[in-house]
Amino acid sequence: MGTGYRARGTWAPGTWASGAVGRPRSLPSGVAAVGAACQHPRVVEGGAVDGEQGPTSVPAHLTSRRSYAAPSATCDVVMRGGVTSGVVYPWAVCELALRYRLVSVGGTSAGAVAAAAAAAAEHGRDGGATGRGGFPVLAQVPGRLAQERGGRSRLASLFEAPAGTAPLLALLLAVLRARRGGGWWRVVLTALSSALRAPGGGWRVLLGLVPGVLLVLAGSAGASGVAAVVVVVLGVVALVLGGLAGAAAVHLRALRVEVPRAFHGVVTGMPAPTAGPGGPGTRPDDPAQTLTPWLVEVIDEAAGLPDDEGPLTFGHLWAGPGRPAARGLASPPPDAAVDLRVVATSVVFGRPVSLPVDLAAPELPTSYLDPEELRRLLPERVVAALLDRPPPLPADPTARLVRQALDAAVAPLAPLPAASDLPVALAVRMSLSYPLLLSAVPLHALRGEAAALVRLRAAAQEVLATGGGRTDDDVAEVLRRVGPLPTRTLWFTDGGITSNFPVNLFDVAAPRRPTFGVTLRRRPTGAGPLDPGDPGPQDDARAPVVHPLAGPPGSTWRFLRAVLATAVDWADTVQLPLPTVRDRVAQVEVDPGDGGLDLRMPPEAVVRLAERGRVAGAALRERFSTTGADGWTGWERHRWTRLRATLPLLEGAAAEVTAALAPGSTGAGERDLRDLLRLPVDEAPLLPWASPGQRRRAQHAVAGLLAAAPEGVPAPERLGAGAPRPPLDLRYVPRSGG
C-alpha cells in the first residue's frame, strides 16, 4: 500500500485529460471526477501560449479573480524541491486557493520558488496595489514557461551561463536532448563546438589536433602503399581523439577554474556578461528572461507591487496587503498575514537553514553581504534594497558602539537586514542554488565571532567609560584596541541537500488549520496510482517503494543513484507513512525523463506536469472540505487522527518521568529529579529558575504529567490503545528561528 496522494494525467494539444486518480475512501464519487477529461478554453492575455506543439491554455477557472474572492478556510502549504519539476506547483496551489487563504507557505529549491510566488499571490489576492496581482498571475506561470522562442522554451532560456562556463551548459543541454532521442553523436559535436567557442578553447582543441595532422601529412607525403594508408588512418584516428582530448581539456578547465569563479555553479541566474549571437553564454535581449530577474518579476507581479515599492520583502507579507511593510523584525509577529519560510543549506555549518528567521538564530553568526558579489547573482534593485535597509542599531550605548565598530571593521561588507527587511528573492535564490548547476550564494561572518564580540564589548565599555561621545572617534578607538577582525565566507546552497520536503515546517501539536504537502514521485514505468494512504488500517502505513531495483545482476549505476538519493531524502521519506502526514500530502507522479534537470523540457511536458499538479491540488482541497458518508470532513478526520496520535506521546513522556523518579534511578550522592525541581531560585550552577513562580509552575507541570503515567492502567485504557500506526516519538530538534 502506498502513502500520500498520487495524481497523473495525459496531455493532448488543446485538451486536458487525466487518468485514474486515487482518492480517499471517504470522498463521494463525484470528487473522483476531478481528474476526468475536460476542455479548458483559451483565457486572458498572457495566459494563452502558442507553441510548436499546439495551443495550450490555463484552466479558465484559475484565471478569474472572482474565483479567489471569498476563501472560506485557511491552510498552510509546503512544497518539495525538484528543479524544473517545480512546474507542478502553480496550478496545485491555485486549486487550494479557491477555498483556502494561505497563512503559512514553505518549500525547498524549486518548491521555494513556488512557495514565494504563492505567498506573493496571497498578498495580492485582491489584485494588490497594481490591481493585476494575485493567483491569476501564478496560474499563468506554466504557460509562460512552455512558450517557445527561437526554437527553445522560455524555461530553457532562463538558464544562461557566463562565457567561462558556457561550454558546460551547452554540453549539459546536449546530453538532455540526447536522452530524449536527439542522438548521442550531437553530444560529441556539441562538446567540440562549445570548446572551440570558449575563451582560450580554440588553441587547446587545435593543440590536440597537432599529432593527428602530423601523421596525416606524413602518410600523405610518404611512399604509397599499405604503410602510408596505415599512417593516414592512424592520423585520422589521432585527429578525432586529439580533438576530443582538447575539448575535454577545455571542459575540465571550466569545471576546475571557471565554475569556482562563478560561485561553484555553471549558471549564475543573471544575464551573462558577454554579448553574442544567442544561446548559452550570451546576454539575452531582455534581462528579465534569465532566471533570477524573472523570479523577481513574477514575485512582484503576483504581489501586485508597483515598481517603486518592490522588491517584495518578508515584511510586506507579514504586514498584509494595504499596510506598510513591517520593518526591523527578527521573526514574524503572531498576527502575520503570510508566513513564508524557505529552506537553504549552510555548507559551512553543515545544516539546513530556514529563511529568513534562522539567519537571526543564536547558534549562527551575524551575517554580512558583499554588494559586488551579490550583484553577480541578483538584480541591482534587490541589492539596493539590501543596502538601504540596515538592521536597527541597539538602544544600549555599549551594544550600539559594538555594532558600529563591527560594521566599520568588516567594510566594504554590509550588515544583512533584519528578517522582515530581507527581499524574498534573496531567500529564494539561496534555496534554489542546485549544486554545480546554479551558483551558491555567499554571505560572510566574523571568524571566532563569540571571542571577537567579547573583545569588542570590553573595548567599547572602556572607551565609553573614559568619556567617549563622538561616534567616529569612539569607533576608531575601539578598532584600534581590538585589532583586525578577519571574516569567513558562509556558502549557502540548495535546501534539498538537507531537507528536500520539510512537510513538518509548520506543524504543531494541535493544528487549527491543515498543512498540505505537495511532493514529487518518479513513477515506475507501467505502474498505476498507489493507494492515497487515508488514515486507517496499519497496512496504509507501510513504507513506500521509493527506488525499485532489479535483482542481480541489475545496474550498478542505478544502485549508486538510489544510494545517493536515499542519503539525501531518507529523513523526508520516513515522514510520508506517518498517520499525521499521509492524508495531507499529494504525491504528483513525474514520468521518467520529465522534470528534474531537464532544462529543455518540451512544452507538452510542462503542461502535463502542471495538469497533474492541478488534479492533485483539487483532490486535496476536496478531500479536506467534503463531508463523507460518516458525516465527517477530511479536516475533522485529520484533526482527530492528530489528537489520537499525539496523546500517546504525553503518556510516553509521563512514563519516562516516572522512571526518572523511581528509587535507584540516580547514583549515590546524586540529586534526583525531585531534588532538581526543589532547587532554590539562585542555587543552580547554570540555567537557574527565573523566578519562584517559574519553579512552582514547573513542579505543577511535572505533577500533571505524572498523572498521565500508564503504570497500573489497564491496556484498553492506555492512550496508545487503538492509536494510529506507526506510533510517533518525541525528539529534540532546534526550533526554527531559535
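Calculation rules
Residues numbered from 1 in each chain as written. Predicted model: local features only at pLDDT ≥ 70, side-chain atom pairs only at ≥ 80, totals over all residues. Heavy atoms only, no water. Helix = DSSP H or I, 4+ residues; strand = E, 2+ residues; numbered from the N terminus. Contact = heavy atoms within 4.5 Å. Areas by Shrake-Rupley, 256 points an atom, 1.4 Å probe, with all protein chains shown as cover. Phe/Tyr/Trp six-rings, centres within 6.5 Å; stacked < 30°, edge-to-face > 60°. Buried < 20%, exposed > 50% of the residue type's maximum accessible area, 1.4 Å probe, protein only. Salt bridge = Lys/Arg side-chain N within 4 Å of Asp/Glu carboxyl O. Core = buried A, V, L, I, M, F, W, Y, C linked by side-chain atoms within 4.5 Å. pLDDT = per-residue confidence, 0-100. Expected span 1.5 Å × (residues − 1). Arc of directions from axis to C-beta. Patch = residues over 30% accessible without salt bridge, like charges linked within 9 Å, V, L, I, M, F, W, Y side chains within 5 Å. Pairing = 2+ DSSP bridges. Lys, Arg positive; Asp, Glu negative; His and termini not counted. Polar contact = N/O pair within 3.5 Å; in protein donor to acceptor, adjacent residues only side chain to side chain. Axes fitted to C-alpha atoms, helices over the stretch in contact; angles between N-to-C directions. Parallel < 35°, antiparallel > 145°, perpendicular 65-115°, else oblique. Nonpolar A, V, L, I, M, F, W, Y, C, P; charged D, E, K, R; others polar. Right-handed = clockwise from strand over helix to strand, strands pointing away.

Draft legend 1. Main features of the overall build of the protein chain. Along the protein chain, the regular secondary structure elements total 22 helices and 19 strands. Across the protein chain, contacts joining residues at least 24 apart in sequence account for 74% of those joining residues at least 6 apart. Looking at the protein chain as shown, the accessible area adds up to about 32900 Å², and 59% of this sits on carbon and sulfur atoms.

Draft legend 2. Structural view of the packing of aromatic side chains. Going through the model one piece at a time under the given rule, you end up with four aromatic pairs. With a centroid separation of 5.9 Å and 55° between ring planes, the pair formed by F263 and W491 is classed as tilted. Placement of the pair is F263 in the loop between α9 (226–261) and β10 (265–267) and W491 in strand β17 (residues 487–494), with a sequence separation of 228 residues. Looking at F263, the relative accessible area reads 8%, which means it is buried. Judged by centre distance (5.0 Å) and plane angle (85°), the rings of F516 and F624 are edge-to-face.

Draft legend 3. Expanded view of the pattern of salt bridges. Enumeration over the complete set of coordinates arrives at 25 salt bridges. Between D569 and R80 there is a salt bridge, with the nearest N and O atoms lying 2.9 Å from each other. Here D569, found in helix α18 (residues 556–573), pairs with R80, found in the loop between β6 (73–79) and α1 (89–97); they are 489 residues apart in sequence, far enough to count as distant. Grouping residues by exposure puts D569 and R80 together as buried. Between D339 and R341 there is a salt bridge whose closest N-O contact spans 2.9 Å. Residues D339 and R341 agree in their burial class; the two are buried.

Draft legend 4. Fine view of the nonpolar core. Core analysis: the largest hydrophobic core is formed by 115 residues, its most contacted members being M79, V105, F135, F159, L340 and V424. Take this core: its biggest share by element is ten residues, from helix α2 (residues 110–123). L406, A452, V475 and L485 belong to the second largest nonpolar core, which has 17 residues in total.

Draft legend 5. Structural context of the environment of R612. On the secondary structure map, R612 appears in helix α19 (residues 603–625). Taking the relative accessible area as the measure of exposure, R612 reaches 2% and is therefore buried. Separated by 25 residues in the primary sequence, R612 and Q587 have C-alpha atoms spaced 9.7 Å apart.

Draft legend 6. How the structure looks around the confidence of the model for the protein chain. Taken over all residues, the pLDDT of the protein chain has a mean of 81, while the share at 70 or more is 84%. Between residues 1–55, whose pLDDT stays under 50, and residues either more than four places distant or in other chains, the model counts 165 contacts. Contacts of residues 525–540 to residues separated by more than four positions or lying in other chains number 52 contacts, the stretch itself having pLDDT below 50.

Draft legend 7. Summary view of helix α7 (residues 185–197). Over its 13 residues, α7 extends 19 Å from the first C-alpha to the last, a length consistent with the 18 Å expected when each residue adds 1.5 Å. The complete set of buried residues in α7 reads V187, T190, A191, S194 and A195. Taken down its axis, α7 places every buried residue within 120° of arc, on the same side. Every exposed residue of α7 that faces more than 90 degrees away from the buried side is listed here: W185 and R197.

Draft legend 8. Inspection of a nonpolar patch on the surface at higher detail. Among the surface-exposed residues, V188, V229, V233, V236, V237, V240, L241 and L244 lie close enough to one another that they form a single nonpolar patch of about 640 Å² accessible area. Along the polypeptide, V237 turns up in helix α9. Since its relative accessible area comes to 43%, V237 is described here as partly exposed.

Draft legend 9. Seen up close, the pairing of strand β18 (residues 515–522). Burial analysis of β18 places seven of its eight residues in the buried class, which makes it a mostly covered element. Pairing geometry for β6 and β18, over four bridges, is parallel. Bridging from a neighbouring strand, D76 pairs with T515 of β18. Judged from the six bridges that link them, β18 and strand β19 (residues 585–590) form a sheet pairing that is parallel. Residue pairing in the sheet places T519 in a bridge with Q587 of β19.

Draft legend 10. Fine view of the side chain of R644. As for its placement among the helices and strands, R644 is situated in helix α20 (residues 634–661). One buried charged residue, R644, forms no salt bridge at all, with the nearest opposite charge on E651 at 8.6 Å. Here the side chain of R644 touches G722 through a polar contact of 3.3 Å, landing on its backbone oxygen. With sequence-adjacent residues up to four places away left out, R644 is seen in contact with L719, A721, G722, A723 and P724.

Draft legend 11. Looking closely at the packing of helix α14 (residues 397–410) against helix α17 (residues 471–482). Two numbers describe how α14 lies on α17: the axes approach to 9 Å, and their chain directions differ by 70°. Classified by the angle their axes make, α14 and α17 are roughly perpendicular. Only T471, D474, V475, V478 and L479 of α17 make contact with α14, whose side of the interface consists of L401, Q404, A405, A408 and A409. Here the residues of the contact of α14 with α17 sort into seven nonpolar, two polar and one charged.

Draft legend 12. Focus on unusual backbone geometry. Across the junction of G310 and P311, the peptide omega takes the value 0°, indicating a cis bond. Of note, the bond from R725 into P726 is cis; its omega dihedral lies within 30 degrees of zero at -5°. As for its placement among the helices and strands, P726 is situated in the segment after α22 (692–706). With a phi close to 55°, S109 is a non-glycine residue in the positive phi region. Tracing the backbone through its elements, the reader meets S109 in the loop between β7 (100–108) and α2. Among the residues examined, S109 registers a relative accessible area of 2% and is labelled buried. Phi angles above zero are rare outside glycine, and F263 is one such case at about 60°.

Draft legend 13. Representation of the packing of helix α8 (residues 201–221) against α9. Contact geometry of α8 with α9 gives a least axis separation of 7 Å together with a crossing angle of 175°. If you check the angle between α8 and α9, you find them roughly antiparallel.

Draft legend 14. Region of interest: the environment of L239. Mapped onto the elements, L239 comes out in helix α9. Judged by relative accessible area, L239 falls into the partly exposed class, the value being 25%. C-alpha of L239 to C-alpha of P211: the two residues are 28 residues apart in sequence and 7.1 Å apart in space.

Draft legend 15. Representation of the pairing of β7 in the model. Burial of β7 is extensive: eight of the nine residues sit out of reach of the surface. With seven bridges connecting them, β6 and β7 associate as parallel partners. Among the inter-strand pairings, M79 is bridged to a residue of β7, identified as G107. Following the chain from β6 across α1 to the adjacent parallel β7, one finds a crossover that is right-handed. Alignment of β7 against strand β11 (residues 339–346), held across five bridges, turns out to be parallel. Among the inter-strand pairings, G107 is bridged to a residue of β11, identified as V342.

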